[in-house]
Amino acid sequence: MVIRMRHTKGHTGNRRSHHATKEPRLAKCEKCGELHISHTMCANCGTYNGRQVVDVMAKLVKKAEKIKKAKEMKTGVEEKKEKTVKKVKTVKKEKKEVKEKKEAKPKKAKAK
Ligand SMILES: [Zn+2]
């Protein structure tokens, strides 16, 4: 930092005296009485200026269904993994059985 750029603590404080954040302007919802940011839809009931803008219940239901589906998808993937593992195991077993049969057959032939 160049000396020319240096400010005293007082200077910095004076500049920052206007940086405080103001409280958001909250208004009471006409329908449900919940506080909401003015000139925006009420997040609790989905109304703006006295009319229904968003169906909040439908949105909540949709969200819940989405979460449910995601959970089902996860369990579905796990089931698929288990199935493939089982398939691989059965295939290996079959191969072993075939090998044993092949080994057993020549012995019988020799006995005859
Ligand atoms: Zn409301």
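Structure first, text after, so check above.
Residues numbered from 1 in each chain as written. Predicted model: local features only at pLDDT ≥ 70, side-chain atom pairs only at ≥ 80, totals over all residues.

A. The overall build of the protein chain, seen in detail. Summing up its helical and strand segments, the protein chain has two helices and four strands in all. For the protein chain, the sequential pattern of α-helices and β-strands runs α-β-β-β-β-α. On C-alpha atoms alone, the protein chain measures out to a radius of gyration of 36 Å, which is more than a quarter above the 13 Å that the 2.2 N^0.38 rule sets for 112 residues. For the protein chain, the spread of C-alpha atoms along the principal axes amounts to about 110 × 60 × 15 Å. (Helix = DSSP H or I, 4+ residues; strand = E, 2+ residues; numbered from the N terminus. Rg over C-alpha atoms; globule rule 2.2 N^0.38 Å.)

B. Main features of unusual backbone geometry. Even without being a glycine, H39 presents a positive backbone phi close to 65°. Assignment of secondary structure puts H39 in the loop between β2 (35–37) and β3 (47–48).

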